[in-house]
Amino acid sequence: MTQPPLIDEELAAFLRGPLGINVASRAAGKVPVLVRCSGCRVSTDRRSVKLYLACSRAGPVIDAVRATRVAAAVFSLPSSHRTVQLKGIDARIGAAEEGDYEAVEHHIEAFARELAPLGYNADMARAMLWLERADLATLSFTPSAAFMQTPGPGAGAPLRAPA
Amino acid sequence: MITVDSVRACMEGAIPATVATCAADGTPNVSYVSQVHYVDGGHVALSFQFFNKTRENVLANPRAAAWVSDPTSAAQYRLALEYLRTETEGPLFERMKAKLAGIASHSGMSGVFRLRGADVYRVLGIERVAGQLLPAPPPRRNLLAALRASSERLNRCADLGRLLDELLACLDEEFGIGHSMLLVPDGAGTRLYTVASRGYAASGVGSEIPLGCGVIGVAARERTPIRISHMTSDYAYGQAMRERAAAEGLSDMLETMIPLPGLADSRSQLAVPVAVEGRLLGVLYVESTEEMRFSYDDEDALVALATQTGMVARLLQETAESQDEAPAAARAARPGGAPVPVRHYAADGSVFIGDDYLIKGVAGAIFCKLLRDYVSEQRTDFTNRELRLDPSIRLPDVSDNLEARLILLSRRLAERCEFLRIEKTGRGRFRLVVARPIRLVELPR
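Residues numbered from 1 in each chain as written. Chains lettered and ligands numbered in written order. Predicted model: local features only at pLDDT ≥ 70, side-chain atom pairs only at ≥ 80, totals over all residues.

Our next topic: the packing of helix α2 (residues 91-106) of chain B against helix α5 (residues 214-222) of chain B. Residues and elements named next belong to chain B. Two elements in contact, α2 and α5, have axes whose closest approach is 10 Å; the angle formed by their N-to-C orientations is 165°. With respect to their mutual orientation, α2 and α5 come out roughly antiparallel. For α2 against α5, the interelement crossing comes out left-handed. Side by side, α2 and α5 meet where P91, E94 and A98 of the first sit next to V215, V218 and E222 of the second. Here the contact of α2 with α5 is built from residues that sort into four nonpolar, no polar and two charged. (Axes fitted to C-alpha atoms, helices over the stretch in contact; angles between N-to-C directions. Helix = DSSP H or I, 4+ residues; strand = E, 2+ residues; numbered from the N terminus. Parallel < 35°, antiparallel > 145°, perpendicular 65-115°, else oblique. Left-handed = near helix turned anticlockwise from the far one by under 90°. Contact = placed C-beta atoms within 7 Å. Nonpolar A, V, L, I, M, F, W, Y, C, P; charged D, E, K, R; others polar.)

Here is the structure:
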């Protein structure tokens, strides 16, 4: 019998929001590497997530994922501080597919709108996340662990008790 | 090679940073961190607030990576780090604790963010990440030019009172910092009292704060600059003072009789200790209603100014002591009119002119000695040296800054009394000017 996906409907809806996203992996010698992402997409069956990266910024992460297949990504909604971390052990780097670049553009504008009432200049969000179409790569994995990381004493707790 | 000090603007907490670590089994972890703090050219410190995976991981595997962003240019940097140690008290801890209080308040996290420790990391490398840059706005002003001009102005000051006023004038005129004050410690080192201020409706000269209270009190206790970039009640003076007064009973009410000057809507605060040879001479405090008004660079400039102020003050003190001369035996003619009662309470040195509180402590004892000599011998000319040697004043120790107490006394008189004043007559000498008859009432312990 297959397990239900770790990402339920509610979490999937959250992950489609205007989130700040960062992903980390492990390089040789247990050295962590990380990069800021420019959006994400949850698969229709909610069993995998695809993160959007700029190759020009993500070099060390791309190399590390190719070598170790491990990834940890943190997703945070600035206005509420709600933060979730997903981890996987089957991460892979892929090329952009149809619709991916448009998803990046959509994410950047949504994130800029999310930050505006918090006092951040929209140009700031655009400058930090922007990437050329030819620079886009993807990092996909099946979440095998999920953690609540909203600031507070409960931060770090598994999001769902293991079945 | 990018140096840590060149990316300090990323460490003001304006844009949240992220940190990645690896567990002993190699599983990566990534999380937001409230504060990446600049320690020195080779180190940063991360705020440790909750026992979490990041903490567990660095204790097992010290390597970490941080991602920081410049809030003006949008430049992004990857920092390769190695965990060294955690500090749970002391200057670095207090600097981060104060900054975190501002960040927490700004992000609606007051009461959630609490600093447990300052995790110190060695910076192994900094890499600039590719990306768009926003055009930089012109700098508010050139801080080095302001520092140079101020330095030259301070060097020309010939007495301590002038030096303190000139320091605050320089902050205003050269740095555009309009609200400032200078406080000096009392002899026992448990309190600080205001001797100069600029930019407030009431000078607040003579107002006191306990050591450890607010950014000024913490800066004095830890001998380190304390800087807050957002409004926070955690370091507000009013409430802390009221709580303390209540806890200690009415005996301490005198210290709150002169309100501390300060902006009600202060959003940026910076307190810098003035110290020479390890001895605290005072605390320079500046504030603004603007958020994030004071940067690491402003802090550097004010630390340099405070250092110079301390050295000039020390030189002036030595010169004043060496040039003390016996005063001319001038005797003043007694003014006419009804005598005004001046009461002195020996228990705390407090002095009341009529019913109005003037001053207390050592400054009160000095004032009483001057009036005693005036009433009994009609003496009006005095030297710092004789005050230092007078057993009735009980100066806490020889290095006590008598000059600062005289400045405090003369400024309080100038603000509160029309018929008594103190004028300098030379280095280490001054005159008590009395325009109405005085009846000194001494109340023993």
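On we go.
In this structure, V23 of chain A together with V195 and V283 of chain B are the most contacted members of the largest nonpolar core, which totals 159 residues. Here this core gets nine residues from one element, more than from any other, and that element is helix α8 (residues 361-377) of chain B. Setting aside residues no more than four positions away along its own chain, V283 of chain B makes contact with L183, L192, I216, A219, A220, A271, V272, P273 and V274 of chain B. (Core = buried A, V, L, I, M, F, W, Y, C linked by C-beta atoms within 7 Å. Buried ≥ 20, exposed ≤ 12 C-beta atoms within 10 Å, placed from the backbone.)

This paragraph deals with the domain arrangement of chain B. All names here are of chain B. Structurally, chain B comprises domain 1 (4-129), domain 2 (143-322) and domain 3 (340-443). The interface is formed by 20 residues belonging to domain 2 together with 25 residues belonging to domain 3. Where the side of domain 2 that touches domain 3 is concerned, the elements lending two or more residues are α4 (160-175), β9 (191-198), β13 (279-288) and α7 (296-322). At four residues, α7 tops the list of elements feeding residues into the side of domain 2 that touches domain 3. (Domains from an automatic or database assignment.)

Averaged over every residue, the pLDDT of chain B is 88; the share at 70 or more is 90%. Listed scores for the predicted complex are pTM 0.88 and ipTM 0.95. (pLDDT = per-residue confidence, 0-100.)

What follows concerns unusual backbone geometry. Residue and element names in this part refer to chain A. With a phi angle near 65°, R69 is a residue other than glycine that sits in the positive phi range. Structurally, R69 can be placed in the loop between α2 (55-68) and β5 (71-76). Of note in the backbone geometry, H81 takes a positive phi value of approximately 70° without being a glycine. Examined against the element boundaries, H81 turns out to sit in the loop between β5 and β6 (83-88).

All names here are of chain B. Judged by pairing direction, the sheet is mixed, and its four strands sit side by side in the order β16-β15-β14-β20 without closing on themselves. For this open sheet the edge positions go to β16 (356-359) and β20 (438-443), each flanked by a neighbour on one side alone. On average, each strand axis in the sheet is inclined to that of its neighbour by 25°, with strand direction left out of account. Here strand β14 (residues 340-345) runs beside β20; their pairing, made up of six bridges, is parallel. By the bridge assignment for β20, H344 is matched with E442. Sitting on the sheet, α8 touches β14, β15 (350-353), β16 and β20, and the angle it makes with β20 is about 130°. (Pairing = 2+ DSSP bridges.)

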